[in-house]
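Each chain, letter by letter, is given below.
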Amino acid sequence: FLGCARAEIFESSPPLDWGWLCTPRIPCAAAPTKNPPFYKVNALMPWGVAIIMGFQHALAMLGGIVSVPIIVGGPFDAQLSNAEIQYLISAGLISSGLLSMIQIYRFKLGNTGYYMGTGLVSVLGTSFTFVPIARTSIDFMMKEDSSNPCKSDVDCKMTWATFGRVEAGVTNERQCNLVSGMCKFSGQEAYGAFLGTCCFCALLEIALSFMPRAQLRRIFPPVVTGVCVLLIGVALTGTGIKYWGGGAFCADHASKRKLTTVGKSYPGDLTGDSKATPVKLSTYVSTSPCAPGPFCPKELSGVCSYTGPKYDKTSDTTKGDVTICERFSDLPGTFMANAEEKRNPDISWQKCTDNGQVVLPFGAAEYVGLGFSVFMVLLISEVFGSPFVRNSQVAIALLAGFAISALARYPMPGNAPDLKYVTNDKINKAPGITFLWVKTFPLSVYVPAIIPTMIGFIITTVESVGDITASAEASRVDQDGLLDSRVQGGLLTDGLASLLSGLLTVLPNTTFSQNNGVISLTRCANKRAGYCCCGFLVIFGVIAKIAAIINSIPYCILGGMTTFLFVNIVVSGIKILGPELSVRRSRFIVASALAIGIGVALVPHWGNNDLIRPGKGTSNKLLGDVAVIVITTPYCIGTLIAMLLHAILPFDEDDTGDEHEMLMDKAPEPIVSSVPVPQPMGFMPMMDPMMQYNQQQQYGGYPQMPGGYPQMGGQPMGYPPMGGFA
């Protein structure tokens, strides 16, 4: 390993200007402050300074890494336990730290001419690109029957072997399909199946890493990648705003009311459960439309659930049957509203949980207000924050919102104690330390998810090209003749890391883009800072109490933070598409792709209700499942439409400009334009849009690049970083 490493030349480094790093900004200041010296990639930075710089990188990564397992493993998706979610948070941090070391180190693969790693501060993290398809695939699989027979949920406790260990299965509510008599797949099985699918599809990115950059650009031009990135952001922003309002499940069922009707109780045993006085079930008189059970009529299937009468031996009473039905707030339900419901329509609404002890309807003012506190901290840190604060603003805003919610109380009437938004239950139950494989999941390949997942890897491949290019520019090594090998090594590491991350029980790890902003703002591209960042991420993951604290954050606080992160992915997609929209052909492609993509994001049932009807036979059902997953995942259907139209639409005479030239000719090397390019206020060019820097206002671009960002054929380069979090 070390024998294959490329010899590096280390240089001396200047001292750090601590005053500059920690001095707050003064709004409307007339004169810009003087920048400190730049720390080069291989400078011999003092380890004390490297630790401080690495800590900033780790904090910049924290928000993106911890959000994915909370969303995917939550009670409304994979339905994992709190212990499993906390483990996934820790595993995500540990795997990010370990895999990033390979990316930062960089070594040659023998005499092949190929490399592993970028040799830059390119930190890997759990990619948000795969969150939409993970949620769709897991939900789809958990509705399917497995090969295990059952008579009740208790029979669905399955076991599986992973790395020689046998793990006890977990029963999800209503996992036993009483109609078919078969167990549905559990959330643990569905999550493990998606991990295995990602491991298989990661081979595609490994193969693409050996393809030249110019060829990648021709196959996947900005008009395609921009559509995909924008649609990823649109889908995720919807998820973020649901969590901000209190939770995803209560958001999806906000228009529904749950009406419970309990039948009359009778003395004695009218069920036949008692051997002393056996009586047939028909002797119990019920007014439920689902009686005598055990299933409701076809017209009420999926709307109502029924539990028959039960004999209570202690009181010698037959307890009444229970019928639970969903009814919409603006439509007539199965049952007419009773008197109490008419007096208080809120009584049967679906409430939001996972916000501590406070249970309120979706969009309650209390939830929205707490989530808005995160937004306010982000705004204040951007206006007044020092470079250190602005580098860590997402983590600081999340922790500040968490602290505010921990102090807040929900008043109860009378002498009842006030309710808390944060409790210590998860923290007290968490172990002191943890590591990888403490929890495992049954790995398999879910065939219907292969095509959407491969599309995700194509997008992360093109996305990583932009991130690595931006890292090289921010690190001032883009002109050292090693850019192509850095891109190749980075893509190969991304693909291998995505494969290994599945074996490490976490979703694919790819290069994050926000570290480019940290490099530009702190003027530190030193690899020692990158190694320290990796160390902090591993430490954060090993200390299990940290994951428990993160898992205790109320959903409304998490939503306030993730909404900000996700909408920046939308902004990145808009930035990629911006230069392309001057051509009619590109506008038509974008409009056609977004018409379906955004439409499906807003109304997902358009594609999964009755559009694709189940066919007969295993192969037909499999094709139907693939079609439903592709159609209902916005970025999948949108990207496929964009790729198809880009392949078949001819170029007009008016399209002989930059787009046609860049697609048909070999992409030239980046050069610096001599004409200043106006930048959107508040955003660094070629950077994560989440990071806003005063350097943009001082220099109009990267340090020592007065002309702004690199130009290619008169248009911005085709590989800007895509998405706030990979």
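Overview of the structure. Just so you know, these numbers come straight off a predicted model, no measurement behind them.

## Concerning the sheet that holds strand β10 (residues 182-184)
With antiparallel pairing, three strands are arranged side by side in an open sheet as β6-β10-β9. Whereas interior strands pair on both sides, the edge strands pair on one side only; in this sheet they are β6 (145-149) and β9 (176-177). Pairing of β9 with β10 involves two bridges; the strand directions are antiparallel. Bridge pairing in β10 places C176 opposite C183.

## Thoughts on the environment of L99
By the element assignment, L99 lies in helix α3 (residues 82-105). Judged by its relative accessible area of 6%, L99 is buried. Between the alpha carbons of L99 and L496 there is a distance of 9.2 Å; along the sequence they are 397 residues apart. Ignoring sequence-local partners within four residues, the contact set of L99 consists of L124, A497, L500, S501 and N509.

## Remarks on the pattern of salt bridges
Between side chains of opposite charge, a pair can form as their charged atoms come close. Within this structure, the stated rule accounts for three salt bridges. When the shortest N-O distance is used, the salt bridge between D77 and R135 registers 2.8 Å. Residue D77 is found in the loop between α2 (47-72) and α3, and its partner R135 is found in helix α4 (residues 131-142); the two are separated by 58 residues along the sequence. K143 serves as the salt-bridge partner of D139, at 3.3 Å between the closest nitrogen and oxygen. Among the residues examined, D139 registers a relative accessible area of 37% and is labelled partly exposed. Taking the relative accessible area as the measure of exposure, K143 reaches 57% and is therefore exposed.

## Here we look at a nonpolar patch on the surface
Side chains of F372, M376, L379, I380, V383 and F384 sit close together on the surface and give an oily, nonpolar patch of about 520 Å² of accessible area. If you trace the backbone, M376 turns up in helix α10 (residues 365-384).

## So, the side chain of R486
Assignment of secondary structure puts R486 in helix α15 (residues 483-503). Apart from the residues within four sequence positions on either side, R486 is in contact with R106, G117, T118, G119, L120, I468, V477 and D480.

Conventions used here
Residues numbered from 1 in each chain as written. Predicted model: local features only at pLDDT ≥ 70, side-chain atom pairs only at ≥ 80, totals over all residues. Heavy atoms only, no water. Pairing = 2+ DSSP bridges. Helix = DSSP H or I, 4+ residues; strand = E, 2+ residues; numbered from the N terminus. Buried < 20%, exposed > 50% of the residue type's maximum accessible area, 1.4 Å probe, protein only. Contact = heavy atoms within 4.5 Å. Salt bridge = Lys/Arg side-chain N within 4 Å of Asp/Glu carboxyl O. Patch = residues over 30% accessible without salt bridge, like charges linked within 9 Å, V, L, I, M, F, W, Y side chains within 5 Å. Areas by Shrake-Rupley, 256 points an atom, 1.4 Å probe, with all protein chains shown as cover.

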